[in-house]
Amino acid sequence: MSGDGDNGGGIGGAAGDGPRDRAGTTQSARAAAGPDTGADVGMDTGTDTGAGVGTDTGAVVGADVGMDTGTAARLQKLFEGHRLTPTQRRIAHCMVRRAADAPFLSSVELAELAGVSQPSVTRFAVALGFDGYPALRRHLREVAPTDKPGDTGSYNEYQQAVQAEIDNLRHLAASLADPSPVIEAGRLFAASRPLPVLGLRAATAQAAGFSYFARKVHPDVRLLDEGGTMLTDRIDAAVRAGASALLCFALPRHPREVVDALEYARTAGLTVVTVADSAFAPVAHHTDLLLPAPVGTGLAFDTACAPMLLGRVLLEAMCDALPDAQARLEEFDARAAARGLFVE
């Protein structure tokens, strides 16, 4: 599919909202997790009213994979069917993203990476049916490759962040081996007139980038990039105008408004497709089709190359489902040339 060659549109990697310590865990996430013996314990022992993992979520496509896609798939399978608390889902998310390292991490190291307390890791292992974390780690070593991944200690922190993003893109490529979910999403977007696209805070750039290009081929794309009481009104307006689907970009830290908006959108009859950083993201329970694309967490602010690229893949799928997409692009190119819109 040819375009106008305008590859800008403010769609660079979206940044996360919270500063990080040098271990790569957001300080704000640590605050949310609570001290080792404080709020985090309450979170683990309280009733989980959110989504569980696996069958409790919407349709989840592809593994939110770590360094080893096979290990990640086994981890995902291990977590399926268990009703996990929000803190336990955070640990599961961390383990899947660090799949190659998971069998070798101590409970303290895993707690540090996930931004939770060490006792939370122990309770997580028990929730999965193991006697404790050592038993869980022993199980992972039995079913995972025995060699630790290659040493990247010679890289500085900036190189490590780039390498992590390269890995994220490889994992995205692996998840697209089955293109049917993306094709289905493209069909849903093409059929929805209008098409609302939601993205708040860190995900605003991803939603804006998708909307910018989608408007070149889709007759009515509506960007929802501001929260507040007007957000529900704009969803209502899209439904009244004939919308049948909604695309959401959801990146950490996940705003409560996004979760509430998706719940409302489904109640209003929209089919929700979400690009999220993980299959364990808080939005999963309020999504009909979830497409995971991992984010990088090695810098002070998250990097989101994989979600951005997945957005472009979804654009391609939508173009394939729109019979007049190529004609619209050619018409735009002709008008742009006549106006001298771009510098050659």
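Quick note: structure is the one above.
Residues numbered from 1 in each chain as written. Predicted model: local features only at pLDDT ≥ 70, side-chain atom pairs only at ≥ 80, totals over all residues. Heavy atoms only, no water.

## Things to note about the overall build of the protein
Rules: Helix and strand definitions follow DSSP, with helices as H or I runs of at least four residues and strands as E runs of at least two, each counted in order from the N terminus. We call a residue buried when its accessible area falls under 20% of the maximum for its residue type, exposed when it is over 50%, and partly exposed in between, using a 1.4 Å probe and counting protein chains only. Note on contacts: a residue pair qualifies if any of its non-hydrogen atoms lie within 4.5 Å across the two residues. The method behind every accessible area is Shrake-Rupley, applied with a 1.4 Å probe, and residues are considered shielded solely by the protein chains displayed.
Each helix and strand in the protein was counted, giving 14 helices and six strands. Across the 344 residues that make up the protein, the buried fraction comes to 47%. Across the protein, contacts joining residues at least 24 apart in sequence account for 74% of those joining residues at least 6 apart. Here the protein displays about 15,400 Å² of accessible surface, and carbon together with sulfur accounts for 53% of that area.

## Here we look at the pairing of strand β6 (residues 289-292)
Condition: Note: two strands are recorded as paired if DSSP finds a minimum of 2 bridges between them.
Burial along β6 is two-sided: the face carrying Leu289 and Leu291 and the face carrying Leu290 and Pro292 are both buried. Relative to β6, strand β5 (residues 271-276) runs parallel, the two being bridged by four bridges. Among the inter-strand pairings, Ala276 is bridged to a residue of β6, identified as Pro292.

## A word on the nonpolar core
One broad trend across soluble globular proteins is that nonpolar side chains are buried collectively. Stated precisely, the cut-off is as follows: Among buried residues, the Ala, Val, Leu, Ile, Met, Phe, Trp, Tyr and Cys ones that are joined through side-chain atoms within 4.5 Å form a nonpolar core.
Core analysis: the largest hydrophobic core is formed by 38 residues, its most contacted members being Phe189, Phe210, Leu247, Leu314 and Met318. Looking at which element gives the most residues to this core, the answer is helix α13 (residues 305-321), with seven residues. Ignoring any residue separated from it by four or fewer positions in sequence, one finds Met318 in contact with Gly186, Phe189, Ala190, Leu195, Ala214, Val217 and His218. Within the second largest apolar cluster, 27 residues are counted, among which are Leu78, Ala111, Ala114 and Phe130.

## So, unusual backbone geometry
Residue Pro194 follows Arg193 across a cis peptide bond; omega there is 5°. Inspection of the secondary structure assignment puts Pro194 in the loop between α9 (180-191) and β2 (195-198). For the peptide bond that leads from Pro252 to Arg253, omega is -5°, which places it in the cis range. With respect to the helices and strands, the residue Arg253 is situated in the loop between β4 (245-250) and α12 (256-267). Although it is not a glycine, Arg201 sits at a positive phi angle of roughly 50°. Its place among the elements puts Arg201 in the loop between β2 and α10 (204-214).

## A word on the packing of aromatic side chains
Filter applied, for reference: Classification of ring pairs uses Phe, Tyr and Trp, with its six-membered ring standing for Trp, and accepts pairs whose centres are within 6.5 Å; under 30 degrees between planes counts as stacked, over 60 as edge-to-face, and the remaining range as tilted. Two conditions define a charge located above a ring, namely a distance within 6 Å from the ring centre to NZ of Lys or CZ of Arg, and an angle within 35 degrees of the ring normal.
Per the counting criterion, the structure on display carries five aromatic pairs. Ring geometry for Phe189 and Phe210: centres 6.0 Å apart, planes at 75°, overall edge-to-face. Of this pair, Phe189 sits in helix α9 while Phe210 sits in helix α10, and the two are 21 residues apart along the sequence. For the pair Phe189 and Phe210, a shared accessibility class is recorded, and that class is buried. Through pairs of rings, three or more aromatic residues link up here, namely Phe79, Phe124 and Phe280. Over the ring of Phe332 we find Lys216; its NZ or CZ atom is 3.9 Å from the centre of that ring.

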